[in-house]
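Structural description and commentary
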Amino acid sequence: MQIPPSNVSGLAGLQSAQSGLTQATIDIAKPADTNLQTDEARAVEQPDKTQALVSAIEAEQQGEAAVEVLEASSETIGTIIDLEV
């Protein structure tokens, strides 16, 4: 099993957070469709606004964690360069 460099993992985390936040905001912004006939059809068509808000918070926290990974990676690389020079 190959372990990717920490900066690659941090970047992938940021991209995943951005994607999750984009989807959550799309789900939150969808207008309620009042033309649906049944509750079952409404459940299929309409995203759960509460779940979308929770997903947005999760994406924000994932992004913050990814930034911490990138900062730690940068500090480590800086320390290694200082030791080598």
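What counts, and at which threshold
- Residues numbered from 1 in each chain as written.
- Predicted model: local features only at pLDDT ≥ 70, side-chain atom pairs only at ≥ 80, totals over all residues.
- Heavy atoms only, no water.
- Helix = DSSP H or I, 4+ residues; strand = E, 2+ residues; numbered from the N terminus.
- Buried < 20%, exposed > 50% of the residue type's maximum accessible area, 1.4 Å probe, protein only.
- Contact = heavy atoms within 4.5 Å.
- Areas by Shrake-Rupley, 256 points an atom, 1.4 Å probe, with all protein chains shown as cover.
- Lys, Arg positive; Asp, Glu negative; His and termini not counted.
- Salt bridge = Lys/Arg side-chain N within 4 Å of Asp/Glu carboxyl O.
- Patch = residues over 30% accessible without salt bridge, like charges linked within 9 Å, V, L, I, M, F, W, Y side chains within 5 Å.
- Charge placed at Lys NZ, Arg CZ, Asp CG, Glu CD.
- pLDDT = per-residue confidence, 0-100.
- Polar contact = N/O pair within 3.5 Å; in protein donor to acceptor, adjacent residues only side chain to side chain.
- Expected span 1.5 Å × (residues − 1).

Scanning the chain from terminus to terminus reveals 3 helices and 0 strands. Secondary structure elements of the chain occur, N-terminal to C-terminal, as α-α-α. Taking all 85 residues of the chain together, 15% fall into the buried category. At a minimum sequence separation of 6, the contacts of the chain that also span at least 24 residues come to 69%. For the chain, the accessible area works out to roughly 6,600 Å², and carbon and sulfur atoms hold 57% of it.

Turning our eyes to something else, we now look at the side chain of Asp 27. Tracing the backbone shows Asp 27 in helix α1 (residues 6-29). Buried within the structure, Asp 27 lacks any salt-bridge partner; Lys 30 is the closest side chain of opposite charge, at an N-O distance of 4.1 Å. Apart from the residues lying within four places of it in its own chain, the contact partners of Asp 27 are Pro 47, Lys 49 and Ala 52.

The subject of this paragraph is the environment of Val 8. Among the secondary structure elements, Val 8 is positioned in helix α1. The sequence separation of Val 8 and Ser 73 amounts to 65 residues, and the corresponding C-alpha distance is 9.8 Å.

Turning to a negative patch on the surface, a few remarks are in order. On the surface, Glu 60, Glu 64, Glu 68, Glu 71 and Glu 75 cluster together to form a negatively charged patch. With respect to the helices and strands, Glu 60 occurs in helix α3 (residues 49-84).

Bringing the confidence of the model for the chain into the picture now. Residues at a pLDDT of 70 or more form 78% of the chain, whose mean pLDDT is 84. Averaged pLDDT values over the elements of the chain bottom out at 56 in helix α2 (residues 39-45) and peak at 94 in α1.

Here we come to the side chain of Ser 73. Mapped onto the fold, Ser 73 is located in helix α3. On the basis of relative accessibility, which here comes to 6%, the residue Ser 73 falls in the buried class. A distance of 2.9 Å separates a polar atom in the side chain of Ser 73 from a polar atom in the side chain of Ser 6. Ignoring any residue separated from it by four or fewer positions in sequence, one finds Ser 73 in contact with Ser 6 and Asn 7.

Each full turn of the α-helix corresponds to 3.6 residues, which orients residues three or four apart in the same direction. Taking 1.5 Å as the rise per residue, α1 with 24 residues should run 34 Å; its terminal C-alpha atoms sit 34 Å apart, in good agreement. Listed in full, the buried residues belonging to α1 are Gly 10, Gly 13, Ala 17, Ala 24 and Asp 27.

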